[in-house]
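Now for the letters of each chain:
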Amino acid sequence: MNIELAQRLARLRTTLDEHQIDVALIGPSADFRYLTCRRAGESERLIALIVPQAGDCTLLVPELEAPKFADCAFCQLHRWRDGDDPIDLLARTLLDLGAKTVGVNDEFRAGFLLPLQERLSGRRFTRVGPLLARLRITKSPAELALLREAIARVDAAWARFCAEGRLVGHTERQVARQLSDFLLEEGLEAVAFCIVASGPNAASPHHEPGDRIIQDGDPVVIDIGGPYQGYYADMTRTPVAGTLRDSDFAAAYEAVLEAQQAAFAAMRPGVACEEIDRIARDVLATHGLAEAFTHRLGHGLGLSVHEPPYLVGGNREPLRPGMVVTDEPGVYLPGRWGVRIEDVVVITEDGAERLTRSPHEFLELP
Ligand code: GLY
Ligand code: MN
Ligand code: MN
């Protein structure tokens, strides 16, 4: 087993001990990938990683998935076949381990957990997800290298789109398909999201691309990303299709960029997450746009697209070296348009480094 994986398991075991949790029960998720370096597809068939405070891990897998985990040396494989009762197998495994308190990760399905709780009444079940999130919140050099790769691939796909892509006269869906092709051709393992939101649709921050034909003069919010070896890139740019006509949009674009850069300039260890969010919000307020910024400034990024730390009002957690966050203020005017500019940033020992390299300047694309 590689050293980093062993360190992750050791840190989880120390955390379980500190919180008097006997075993962690992990379903297919980013937590699962963090602790095994393997992907398990979320499924109606039970897959569960069981990490006790001491001793080997157990991996419950359906027989047809087992070959993928055969080389998982630190896990005892417990296979089950279609027609077996995997909840019974899981309950017996936990009983054999003498587990009195079971820490369950957030993605472990209710459809498995509720019958398990019935079978093991008298045992305590608690959330282990927030504890795992603490372990994952700062990135190791190896994780940072993968994040840099993912982000560089999105930068490359965006550069191609800026050179070759077309907006005017194409539907949002057609543009999303072309962008998705570029992302995959540049080496992302999947396209996790590809928001193309044009004209009034751009006022919906997480718009699903549809059949609207993009018009000359439309602002287009484009938010793209996906994983590279499990680690996610996430970037938004808001070009204008053809030629800009609305000077209010140009002013809002400059305000969003100013907010984004003010937030970046303030990022360094020790500054509270909520303070970074507030700085961006204050900039937009000076332009009369505070009400139009309808979401948090940013989120952590790693094996999940959205994970702690969240740059949001009320989060007093201080930034620390190795945290990776997005910086993504936006302004959304229902019925008119929206603008968002999003980069990924890593907190360093004495400040912050922008990992996204794509330019920010206002852009008109044909
Ligand atoms: N795209 C902004 C957020 O979900 O936080
Ligand atoms: Mn984001
Ligand atoms: Mn995004």
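A brief report on the enclosed structure follows.

What counts and what doesn't
- Residues numbered from 1 in each chain as written.
- Chains lettered and ligands numbered in written order.
- Predicted model: local features only at pLDDT ≥ 70, side-chain atom pairs only at ≥ 80, totals over all residues.
- Heavy atoms only, no water.
- Near = heavy atom within 4 Å.
- Polar contact = N/O pair within 3.5 Å; in protein donor to acceptor, adjacent residues only side chain to side chain.
- Areas by Shrake-Rupley, 256 points an atom, 1.4 Å probe, with all protein chains shown as cover.
- Helix = DSSP H or I, 4+ residues; strand = E, 2+ residues; numbered from the N terminus.
- Expected span 1.5 Å × (residues − 1).
- Buried < 20%, exposed > 50% of the residue type's maximum accessible area, 1.4 Å probe, protein only.
- Contact = heavy atoms within 4.5 Å.
- Pairing = 2+ DSSP bridges.
- Axes fitted to C-alpha atoms, helices over the stretch in contact; angles between N-to-C directions.
- Disulfide = S-S within 2.5 Å.
- Donors = N, O, S within 2.8 Å, 3.2 Å for Na, K, Ca; no water.
- Salt bridge = Lys/Arg side-chain N within 4 Å of Asp/Glu carboxyl O.
- Parallel < 35°, antiparallel > 145°, perpendicular 65-115°, else oblique.
- Left-handed = near helix turned anticlockwise from the far one by under 90°.
- Nonpolar A, V, L, I, M, F, W, Y, C, P; charged D, E, K, R; others polar.

1. Observations regarding the site of ligand 1
Piece 1. Near ligand 1, the surroundings consist of His206, Arg296, His299, His306 and Glu328.
Piece 2. Within the side chain of His206, an N or O atom sits 3.0 Å from a nitrogen atom of ligand 1.
Piece 3. Between ligand 1 and the protein, one listed contact pairs an oxygen atom with a side-chain N or O atom of Arg296 at 2.7 Å.
Piece 4. Coverage of ligand 1 by the protein chains reaches 92% of its 200 Å² of free accessible surface.

2. Some thoughts on helix α8 (residues 247-266)
Piece 1. With 20 residues, α8 should cover 28 Å at 1.5 Å per step; its first-to-last C-alpha distance of 29 Å lies within 8% of that length.
Piece 2. All of the buried residues in α8 are Phe249, Ala252, Tyr253, Ala255, Val256, Leu257, Ala259, Gln260, Ala263 and Ala266.
Piece 3. Where α8 is buried, its residues contact β10 (240-241), α9 (273-286), β13 (324-327), β14 (330-333), β15 (337-340) and β16 (343-347).
Piece 4. Near the N-terminus of α8, the side chain that reaches the backbone nitrogen of Asp248, with its oxygen 2.9 Å away, is that of Asp246.

3. Quick word on the sheet that holds strand β5 (residues 101-104)
Piece 1. Spatially, the six strands line up as an open sheet ordered β4-β3-β2-β1-β5-β6, and their pairing is mixed. At either margin of the open sheet sits one strand with a lone partner, and together these are β4 (75-80) and β6 (124-127). Strand-to-strand twist of the sheet, defined as the mean angle between neighbouring strand axes without regard to direction, takes the value 25 degrees.
Piece 2. Relative to strand β3 (residues 57-62), strand β2 (residues 48-52) is paired through three bridges, and the arrangement is antiparallel. Paired with Leu49 across the strands is Leu59, a residue of β3.
Piece 3. Strands β1 (23-26), β2 and β3 of the sheet are contacted by helix α1 (residues 3-18), whose axis makes an angle of about 65 degrees with β2.

4. Thoughts on the state of the cysteines
Piece 1. Tallying each qualifying case throughout the model produces zero disulfides.
Piece 2. Note on Cys57: no disulfide assigned, nearest cysteine sulfur contributed by Cys75 at a separation of 4.9 Å.
Piece 3. Free of any disulfide, Cys75 has its nearest neighbouring cysteine sulfur in Cys72, separated by 4.0 Å.

5. Some details on the coordination of the manganese ion (ligand 2)
Piece 1. Binding of the manganese ion (ligand 2) to the protein goes through Asp234 (OD), His299 (NE2), Glu328 (OE) and Glu342 (OE), at separations of 2.1 to 2.2 Å.
Piece 2. Spacing between the donor residues of the manganese ion (ligand 2) along their common chain follows D-x64-H-x28-E-x13-E.
Piece 3. Taken as a pair, the manganese ion (ligand 2) and the manganese ion (ligand 3) lie 3.2 Å from each other and share Asp234 as a ligand. On the criterion of sequence distance, the pair formed by His299 in strand β11 (residues 298-300) and Glu342 in the loop between β15 and β16 is long-range, its members being 43 residues apart.

6. Focus on the pattern of salt bridges
Here the idea is simple: oppositely charged side chains can pair when their charged atoms come close.
Piece 1. Under the criterion given, the structure shown has 37 salt bridges.
Piece 2. With a shortest N-O distance of 2.8 Å, Glu185 and Arg160 are connected by a salt bridge. Of this pair, Glu185 sits in helix α7 (residues 172-185) while Arg160 is found in helix α6 (residues 141-164), placing the two residues 25 residues apart along the sequence.
Piece 3. For Glu185, a relative accessible area of 52% puts it in the exposed group.
Piece 4. Among the ionic pairs, Glu328 bridges to Arg340, the shortest N-O distance being 3.7 Å. Remark: Arg340 occurs in strand β15 and Glu328 occurs in the loop between β13 and β14; sequence separation between them is 12 residues.

7. Thoughts on the coordination of the manganese ion (ligand 3)
Piece 1. Protein coordination at the manganese ion (ligand 3): the donors are Asp223 (OD), Asp223 (OD), Asp234 (OD) and Glu342 (OE), at 2.1 to 2.4 Å from the metal.
Piece 2. Read N to C, the donor residues that coordinate the manganese ion (ligand 3) are spaced as D-x10-D-x107-E.
Piece 3. The exposure class of Asp223 is buried, given its relative accessible area of 4%.

8. Describing unusual backbone geometry
Piece 1. In the segment running from Pro308 into Pro309, the intervening peptide bond is cis, with an omega of 5 degrees.
Piece 2. The topology assignment puts Pro309 in strand β12 (residues 307-311).
Piece 3. With a phi close to 60 degrees, Cys37 is a non-glycine residue in the positive phi region.
Piece 4. With respect to the helices and strands, Cys37 occurs in the loop between α2 (30-36) and β2.
Piece 5. Positive phi values are uncommon outside glycine, yet Gln229 reaches one of about 45 degrees.
Piece 6. Turning to its location among the elements, Gln229 is positioned in the loop between β8 (220-228) and β9 (231-237).

9. Side note on the packing of helix α3 (residues 86-96) against helix α4 (residues 110-119)
Piece 1. Packing of α3 against α4 brings their axes to within 10 Å, and their N-to-C directions diverge by 55 degrees. Regarding the angle of α3 to α4, the classification is oblique. Along this stretch, α3 crosses α4, giving a crossing that reads as right-handed. In contact with Ile87, Asp88, Leu90, Ala91 and Leu94 of α3, α4 contributes Phe112, Pro115, Leu116 and Arg119.
Piece 2. When its residues are assigned to classes, the contact of α3 with α4 shows seven nonpolar, no polar and two charged.

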